[in-house]
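# Overview (structure and organization)
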Amino acid sequence: MVERANRPSALNAPAEATPGPQVDITGTGPSSKVIATLPSGESVEVLLYGATVTSWKSEGGKTENLWLSEKAALDGSKPVRGGIPVVFPVFGPPPKSGHATSSLPQHGFARNSRWEFLGKSAAEDALDASSVKLDFGLSTTELSEEARKAWPFDFGLVYSVTLAKDSLQTVLNVRNEGEESFEFQVLLHTYLKISDISKVAINGLLGVSYVDKVLNATTHQQSDASVTITGEVDRVYASIPQDTTTVLEDGKPRFDVVRDNLSDTVVWNPWIEKAKGMGDFAPDEGYKQMVCVEVGAVDGWQKLEKGEVFEGGQTMKSLL
Ligand SMILES: O=P(O)(O)OC[C@H]1O[C@@H](O)[C@H](O)[C@@H](O)[C@@H]1O
């Protein structure tokens, strides 16, 4: 069933000379998704479960930029393996004890909660008139009882996904709606689709310190201009001075990932054995076609007092 979004918006204005972006909602329950398509063919798909972006196509709709596992659960039964899961309020396994996030599952609850579609609007600083912004919301009242018990704070999240001809912007706004302060981490766990991992180089991290999770969480410094991937990689680069990380393939820039108010980036590829060990990762060889470049604020904690707001995000450009 395809149902057209019917919320009031400038984009629903009657008869324009040129057609605007189209926004459709398909499916029901947790597998509902919002699909936005620009008149020139570029598109984005966002599953309400996790507000997970599961597809971003550029070049008139010809090029898929996000990797999505063939076995990804898209029915709300578990977090999506691929696309852009939203990690909040804790990154990775939570601290064992003594922190307010300690009873939460790995990567928190945002990626496995059902979000609300708040509607579409024109992007505020739209470079081209045809771009479209989709807003999704999650607040305390929509959480499962289990998650609410594990993290008993009043919060409001608004996640904005803006599609333009050659870029996708995803921004998370976090508001403390309660009386008590809370601490959180946030990360946009983007699975970029690439053709061949052996030809990939990631630039923009030179000189940055990182925690290498593959090497017992020891700290290192990036001494090569390019990060190349020839085995399992799981690194948390922290306090990165330059805003742009560039993913190159075969020496040519393929993606720019520009951070906004997020100072850390995780680079992850599970490689052969870990990929095989994940029941929802397919095909087995899929690790050759993906690399995760995950922008976030995960080194330490962000703290919000009553009424305070934090906003951070990324703009990804497809450079084909
Ligand atoms: O399997 P999950 O929970 O989706 O996590 C995938 C990976 O996510 C990355 O962000 C972590 O750095 C890895 O350690 C982790 O394995």
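Residues numbered from 1 in each chain as written. Predicted model: local features only at pLDDT ≥ 70, side-chain atom pairs only at ≥ 80, totals over all residues. Heavy atoms only, no water.

### Section: the UniProt feature "active site" (unreviewed entry) in the protein chain
UniProt's entry tags His189 and Glu294 with the feature "active site" (unreviewed entry), counted in the numbering of this structure. Judged by maximum C-alpha separation, these annotated positions cover 106 residues in sequence but sit close together in space, the widest gap being only 4.6 Å. Position of histidine 189 among the secondary structure elements: in the loop between β12 (182-188) and β13 (191-193). Note on histidine 189: relative accessible area 6%, which makes it buried. Residue classification places glutamate 294 among the buried positions, given a relative accessible area of 1%. Beyond its immediate chain neighbours, meaning those up to four positions away, glutamate 294 contacts Phe91, Leu187, Leu188, His189, Thr190, Asp264, Thr265, Val266 and Trp268. (UniProt positions renumbered as here; feature names shortened; annotations may be inferred. Helix = DSSP H or I, 4+ residues; strand = E, 2+ residues; numbered from the N terminus. Buried < 20%, exposed > 50% of the residue type's maximum accessible area, 1.4 Å probe, protein only. Contact = heavy atoms within 4.5 Å.)

### Some words on the sheet that holds strand β20 (residues 252-260)
The strand order β8-β9-β10-β11-β23-β20-β19-β14-β17 describes an open sheet built from nine strands, whose pairing is antiparallel. Each edge of the open sheet carries a strand with a single partner, namely β8 (116-121) and β17 (226-228). Each strand of the sheet is rotated relative to its neighbour by a mean of 20°, with strand direction disregarded. Relative to strand β19 (residues 244-249), strand β14 (residues 200-203) runs antiparallel, the two sharing four bridges. (Pairing = 2+ DSSP bridges. Axes fitted to C-alpha atoms, helices over the stretch in contact; angles between N-to-C directions.)

### Re the pattern of salt bridges
Where side chains of opposite charge bring their charged atoms close, a pairing between them can arise. Tallied over the entire structure, the rule returns eleven salt bridges. Here lysine 165 and glutamate 42 are joined by a salt bridge, their closest N and O atoms 3.4 Å apart. With a gap of 123 residues between them, lysine 165 in the loop between β10 (155-163) and β11 (167-176) and glutamate 42 in the loop between β3 (33-37) and β4 (43-47) connect regions that are remote in the sequence. On the accessibility criterion, glutamate 42 (1% relative accessible area) is buried. Measuring nitrogen to oxygen at the nearest pair gives 3.7 Å for the salt bridge that ties aspartate 280 to lysine 78. In this pair, aspartate 280 sits in the loop between α2 (271-277) and β22 (290-304) while lysine 78 sits in the loop between β6 (63-64) and β7 (86-87), placing the two residues 202 residues apart along the sequence. (Salt bridge = Lys/Arg side-chain N within 4 Å of Asp/Glu carboxyl O.)

### What to know about the packing of aromatic side chains
Enumeration according to the criterion identifies 20 aromatic pairs in this entry. Ring geometry for phenylalanine 88 and phenylalanine 109: centres 5.9 Å apart, planes at 80°, overall edge-to-face. Here phenylalanine 109 lies in the loop between β7 and β8 and phenylalanine 88 lies in the loop between β7 and β8, a separation of 21 residues in the sequence. Take phenylalanine 88 and phenylalanine 109: they sit in the same class, and that class is buried. Ring centres of tyrosine 210 and tyrosine 237 lie 4.7 Å apart, and the angle between their planes is 40°; on these two criteria the pair is classed as tilted. A residue pair is termed long-range when its members are at least 10 positions apart, and tyrosine 210 in strand β15 (residues 209-212) and tyrosine 237 in strand β18 (residues 233-237) qualify at 27 residues. (Phe/Tyr/Trp six-rings, centres within 6.5 Å; stacked < 30°, edge-to-face > 60°.)

### Some remarks on the site of the ligand
The environment of the ligand is formed by Arg81, Phe91, Gln106, His107, Arg111, His189, Lys213, Asp234, Val266, Trp268 and Glu294. The contact in question runs from an oxygen atom of the ligand to an N or O atom on the side chain of arginine 81, over 3.0 Å. In the complex, the protein chains occlude 83% of the 400 Å² of accessible area that the ligand would expose alone. Its residues assigned to classes, the shell around the ligand shows three nonpolar, three polar and five charged. (Near = heavy atom within 4 Å. Polar contact = N/O pair within 3.5 Å; in protein donor to acceptor, adjacent residues only side chain to side chain. Areas by Shrake-Rupley, 256 points an atom, 1.4 Å probe, with all protein chains shown as cover. Nonpolar A, V, L, I, M, F, W, Y, C, P; charged D, E, K, R; others polar.)

### Quick word on the UniProt feature "binding site: substrate" (unreviewed entry) in the protein chain
Residues annotated in UniProt with the feature "binding site: substrate" (unreviewed entry) correspond here to Arg81, Gln106 and Arg111. Annotated residues spanning 31 residues; largest pairwise C-alpha distance 13.7 Å, indicating a single compact cluster. Structurally, glutamine 106 can be placed in the loop between β7 and β8. For glutamine 106, a relative accessible area of 41% puts it in the partly exposed group. Not counting residues within four places of it along the chain, the set of residues in contact with glutamine 106 comprises Gly92, Pro93, Pro94 and Arg111. For arginine 111, the location among the structural elements is in the loop between β7 and β8. Every residue in contact with arginine 111, bar those within four places of it in the chain, is listed here: Tyr49, Gly50, Pro79, Pro85, Val86 and Gln106.

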